[in-house]
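# Structure at a glance
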Amino acid sequence: MLAFDKVSLNYGSFRALDGVSLHAREGELVVLLGANGAGKSSIFLTASGLHKAAGGSIQFKGQELVGMKPSQIVASGVVQCPEGRKLFPQMSVLKNLTLGAYVHRGDRAGNQKILDEVLGMFPILAEKKDDPAGSLSGGQQQMVAIGRALMGRPKALLLDEPSLGLAPLVVKMVFEVIQRINQAGTTVLLAEQNAFAALRIAHRAYVLERGRIVLEGDRNSLLNNEAVRRAYIGA
Ligand code: ATP
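A brief report on the enclosed structure follows. Please read all numbers here as calculations on a predicted model, not as lab measurements.

So, about the sheet that holds strand 1 (residues 2-11). On the basis of which strands lie adjacent, the open sheet formed by four strands has the order 2-1-4-5 and antiparallel pairing. Looking at strand neighbours, the two that pair on one side only are strand 2 (14-24) and strand 5 (63-64), the edges of this open sheet. As paired elements, strand 1 and strand 4 (residues 55-60) share five bridges and run antiparallel to each other. When the sheet's bridge partners are listed, Leu 2 is paired in strand 4 with Phe 60.

Structural data, given as structure tokens:
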């Protein structure tokens with residue numbers, strides 16, 4: 001469904017992605033593991049059209065994403081929830097959520113239906129819908145970020161480090177929400193440093209080091225892989 005084939009990305013003379021090939025099939029939850037700076041965000045930013053690949057191809061449902069505008073990519077169903085949430089802190093929760101539906105702004109009835117679903121999924125956001133997003137707790141802000149992405153009607157959702165900086169109980173809830181979204185039919189690509197929690201809900205995973213895929217496998221093979229346990233799980 002979403003397939004990267006030998007994708008390369010340069011920042012000036014620095015090669016951040018070096019021939020990355022990976023894929024997510026329809027309905028899969030695929031995890032991307034890697035240390036700080038391995039290139040996880042670069043993969044997502046390239047898929048979203050925010051960085052231009054220096055080489056290779058990214059296909060979504062048979063359509064080439066490289067060269068498309070970010071708004072066209074969102075409209076095609078590939079939606080990113082960025083690292084660090086990137087909310088508009090002065091704007092209300094509701095405004096932040098509705099901004100996610102920008103490319104579908106002509107369909108008010110459809111957007112209202114999805115907004116109702118998002119507020120049903122995160123009841124605390126319904127309570128706080130008129131509050132500035134920046135006044136919410138970290139976990140609640142992450143829910144706004146995920147909710148905003150859902151407003152974009154993702155068929156493939158790219159989640160960049162959604163558990164970053166959150167307390168353990170909140171992290172657990174975030175992973176439960178991600179699993180629920182996937183089980184409802186959305187394909188998910190999840191970049192995480194919280195390897196154990198991410199692998200537990202994954203179907204498959206890739207390990208990225210210095211811009212290259214160095215390992216791939218299904219959940220159990222990676223959970224039981226000695227090198228992965230040592231490097232990413234600490235066991
Ligand atoms: P993190 O979790 O820290 O975001 P990551 O795996 O997502 O790590 P990237 O953010 O994709 O990694 O970064 C990959 C490499 O590219 C790093 O060495 C980073 O310093 C470098 N890099 C990222 N963005 C830029 C940029 N705009 N200009 C130059 N170098 C960059």
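Take the pattern of salt bridges next. All chains considered together, the criterion is met by 10 salt bridges. Of the charged contacts, one joins Arg 153 and Asp 107 as a salt bridge, the two residues approaching to 2.9 Å between their closest N and O atoms. Of this pair, Arg 153 sits in the loop between helix 6 (138-151) and strand 7 (156-160) while Asp 107 sits in the loop between helix 3 (93-99) and helix 4 (108-121), and the two are 46 residues apart along the sequence. For Arg 153, a relative accessible area of 28% puts it in the partly exposed group. The shortest N-O distance in the salt bridge between Glu 117 and Lys 113 comes to 3.3 Å. Taken together, the residues span about one helical turn, with Glu 117 and Lys 113 both in helix 4 at a distance of four residues. Owing to a relative accessible area of 45%, Glu 117 belongs among the partly exposed residues under this scheme.

Moving on to the site of the ligand. Neighbouring the ligand are 14 residues, the closest being Gly 37, Gly 39, Lys 40, Ser 41 and Ser 42. Measuring from an oxygen atom of the ligand, one finds a backbone N or O atom of Ser 41 at 2.7 Å. Contact between the ligand and Glu 161: an oxygen atom at 3.0 Å from a side-chain N or O atom of the residue. Secondary structure elements with two or more residues in the shell around the ligand: strand 2 and helix 1 (40-47).

With respect to the helices and strands, Asp 116 occurs in helix 4. For Asp 116, a relative accessible area of 44% translates into the label partly exposed. Distance in space between the C-alpha atoms of Asp 116 and Ala 126 is 9.0 Å, their sequence separation being 10 residues.

Ordered by their spatial adjacency, six strands build an open sheet running 6-7-8-3-9-10, and the pairing between neighbours is mixed. Two strands in the sheet have a free side with no partner beyond their single neighbour: strand 6 (78-81) and strand 10 (212-218). Taking each pair of neighbouring strands and ignoring which way they run, the sheet shows an average axis angle of 20°. As paired strands, strand 6 and strand 7 are joined by four bridges and run parallel to one another. By the bridge assignment, Val 78 is partnered in strand 7 with Ala 156.

The N-to-C vectors of helix 6 and helix 7 (residues 168-183) enclose an angle of 15°; their axes lie 10 Å apart at closest approach. What the angle tells us is that helix 6 and helix 7 run roughly parallel. Crossing angle aside, the handedness with which helix 6 passes helix 7 is right-handed. Residues Gly 139, Gln 142, Met 143, Ile 146 and Leu 150 of helix 6 form the contact with helix 7, whose own contacting residues are Val 170, Met 173, Val 174 and Ile 181. Within the contact of helix 6 with helix 7, the residues separate by chemical class into seven nonpolar, two polar and no charged.

Analysis parameters
Residues numbered from 1 in each chain as written. Predicted model: local features only at pLDDT ≥ 70, side-chain atom pairs only at ≥ 80, totals over all residues. Heavy atoms only, no water. Pairing = 2+ DSSP bridges. Helix = DSSP H or I, 4+ residues; strand = E, 2+ residues; numbered from the N terminus. Salt bridge = Lys/Arg side-chain N within 4 Å of Asp/Glu carboxyl O. Buried < 20%, exposed > 50% of the residue type's maximum accessible area, 1.4 Å probe, protein only. Near = heavy atom within 4 Å. Polar contact = N/O pair within 3.5 Å; in protein donor to acceptor, adjacent residues only side chain to side chain. Axes fitted to C-alpha atoms, helices over the stretch in contact; angles between N-to-C directions. Parallel < 35°, antiparallel > 145°, perpendicular 65-115°, else oblique. Left-handed = near helix turned anticlockwise from the far one by under 90°. Contact = heavy atoms within 4.5 Å. Nonpolar A, V, L, I, M, F, W, Y, C, P; charged D, E, K, R; others polar.

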